[in-house]
Amino acid sequence: MFNIEKLDVRTYTMFVALIIMWIGFTYFTSNGFTNFGGSFLTSRNLSNLLLQMAITGILGTGAVLVIVSGGIDLSVGSVMGFIGCMGAALQVWYHMNTVEVILICITTGCLIGLLQGSLIAYTGVPAFIITLAGLFVFRGGVLGITKGTTIAPLERSLVYFGQAYLSDFVTIIIAMVAILFLVGSEIRRRIAKEKYHNVVEPLGKMVLRCIGYSAIILIIVAILNSYRGLPVPVFIMLFLVLIFSFVAEKTIFGRKLYAIGGNIEAARYSGINVEKNMSLVYALNGFMAAIAGLILAGRLNAGTPEAGLNLELDAIAAAVIGGASLTTGGVGRVAGAILGGLIMTTMDNGMSMMNLDAYWQYIVKGIILAAAVWFDVKTKKGRTKVKASGSTLENQVSTDL
């Protein structure tokens, strides 16, 4: 029997939209179809595209967990900029080494997130208000640290996290590990279904999916290695997404977050410590903001007054476009932030290469975000109708029996 709940229509739609964007930008940055290719699909631009996406993807990953739990964080961009500038100041003005700077910045990010999460959880003040206040506070902190000037240069060891590339050999090894992990996951999932006598898809379908995933990974590796290899920020992003996906989907803490977002009162009655878990999820979001701030500082080789400006909007948009639901908590996957971040960065990159005015980027982002939320509402209504129909049918069958 076809199960509509297992078909992630939204993810497939966004993936198709991404492909259409790539084709469109390739066409408009080339001489039509007579010289199809242009400058968009070059290995250099695609590598830069992934590099630009890394920060949005990291922030979006934290945003997914917050949104899944029924919250929101409008301060993450300012927190990221504050921590990046603080790290630059510690290194340039106070001559701290990179390890010390990283430890202090990550600790600060976690404490900021924990403070905001505790205020939200224990005072009852809406997350929108607390994090909006945080946006102003830490944006002011950025200006206070920098005094409106650029703090530079940083040590090469810190710049490495924002600008370096892994070698071709290391990139290939990472790709092989990723392929083995994906294939192993598919096999384990199939064995688990067979063990509990669940419906198992045809073996050929699973094999084709594994081949498709492997081909995509190998193509990406070939493109990256034809330029300079895998950017270190992208590797950090992928590693964090993997860890946070495991936390969200395979741990008790992750299941509690989905339960809190789905129905906070039911979560309380089931014995979940809502306040503690809400505080922790904001602390994790602060951790991600700190990582992103350090990467941005390394990429710029400086702390700047504009660091992190408006990036909270990109993070939330990436999470929503990737599948997190602002209308209903408890919905969304961490990996979706990668797709959402890629879509957001593709728009920025493509429109910049087309030499469109900056205001068009904001207009198009707004339209796509509104479309994603509209699609979420529509698919939610569809799922509700399917569930209601299924329940009615089950009741009728029970009555007949």
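Residues numbered from 1 in each chain as written. Predicted model: local features only at pLDDT ≥ 70, side-chain atom pairs only at ≥ 80, totals over all residues. Heavy atoms only, no water.

Peer 1: Help me out: how do you make sense of the overall build of the chain in this one?
Peer 2: Counting its regular elements, the chain contains 15 helices and zero strands. Each of the 401 residues in the chain was classed as buried or not, and the buried ones make up 47%. Long-range contacts, defined here as pairs at least 24 residues apart, represent 79% of the contacts in the chain between residues at least 6 apart. As displayed, the chain has an accessible area near 20500 Å², and 69% of this comes from carbon and sulfur atoms. (Helix = DSSP H or I, 4+ residues; strand = E, 2+ residues; numbered from the N terminus. Buried < 20%, exposed > 50% of the residue type's maximum accessible area, 1.4 Å probe, protein only. Contact = heavy atoms within 4.5 Å. Areas by Shrake-Rupley, 256 points an atom, 1.4 Å probe, with all protein chains shown as cover.)

Peer 1: Would you mind showing me how to read the nonpolar core here?
Peer 2: Generally speaking, nonpolar side chains in soluble globular proteins are found buried as a group. With 99 residues, the main nonpolar core has Ile55, Ile58, Leu59, Met80, Phe82 and Ile343 as its most contacted residues. Dropping the residues within four chain positions of it, Met80 is found in contact with Ile55, Leu59, Ala289, Ala292, Gly293, Leu296, Gly308 and Leu311. (Core = buried A, V, L, I, M, F, W, Y, C linked by side-chain atoms within 4.5 Å.)

Peer 1: I'm lost on the pattern of salt bridges in this one. Help?
Peer 2: Two side chains with opposite charge may pair up if their charged atoms get near one another. Summed over the entire model, instances satisfying the criterion amount to nine salt bridges. Two residues, Arg189 and Glu186, come together in a salt bridge whose shortest N-O distance is 3.4 Å. Within this pair, Arg189 and its partner Glu186 are both found in helix α7 (residues 168-195), separated by three residues, close to a single helical turn. According to the relative accessible area criterion, Glu186 is buried, its value standing at 9%. Across the salt bridge formed by Glu194 and Arg190, the nearest N and O atoms sit 3.7 Å from each other. Of this pair, Glu194 and Arg190 both sit in helix α7, four residues apart, which is roughly one turn of that helix. By relative accessible area, which is 44% here, Glu194 ends up partly exposed. Of the residues examined, Arg190 reaches a relative accessible area of 16% and is grouped as buried. (Salt bridge = Lys/Arg side-chain N within 4 Å of Asp/Glu carboxyl O.)

Peer 1: I'm lost on the packing of aromatic side chains in this one. Help?
Peer 2: Any two aromatic rings considered together are summarised by their centre-to-centre distance and by the angle between their planes. Per the stated rule, a full pass over the model turns up seven aromatic pairs. Centre to centre, the rings of Tyr160 and Phe161 are 5.8 Å apart; their planes meet at 85°, and the pair counts as edge-to-face. For Tyr160, a relative accessible area of 39% translates into the label partly exposed. Here Phe161 falls in the partly exposed class, since its relative accessible area comes to 28%. (Phe/Tyr/Trp six-rings, centres within 6.5 Å; stacked < 30°, edge-to-face > 60°.)

Peer 1: What is the right way to read the side chain of Thr171 from this model?
Peer 2: Following the sequence through the fold, Thr171 ends up in helix α7. Under the relative-accessibility criterion, Thr171 is labelled buried at 2%. At 3.2 Å, the side chain of Thr171 forms a polar contact with the backbone nitrogen of Leu230. Non-local contacts of Thr171, meaning those with residues more than four positions away in its chain, are made with Leu166, Val221, Asn225, Gly229 and Leu230. (Polar contact = N/O pair within 3.5 Å; in protein donor to acceptor, adjacent residues only side chain to side chain.)

Peer 1: How should I be thinking about the packing of helix α2 (residues 43-68) against helix α12 (residues 274-300) in this particular structure?
Peer 2: Their axes nearest at 8 Å, the elements α2 and α12 cross at an angle of 170°. With respect to their mutual orientation, α2 and α12 come out roughly antiparallel. Taken together, the residues of α12 that come into contact with α2 (itself represented by Leu51, Gln52, Ile55, Ile58, Leu59, Thr61, Gly62, Ala63, Leu65 and Val66) are Val281, Tyr282, Leu284, Asn285, Met288, Ala289, Ile291, Ala292, Ile295, Leu296 and Arg299. In terms of residue class, the contact of α2 with α12 is built from 16 nonpolar, four polar and one charged. (Axes fitted to C-alpha atoms, helices over the stretch in contact; angles between N-to-C directions. Parallel < 35°, antiparallel > 145°, perpendicular 65-115°, else oblique. Nonpolar A, V, L, I, M, F, W, Y, C, P; charged D, E, K, R; others polar.)

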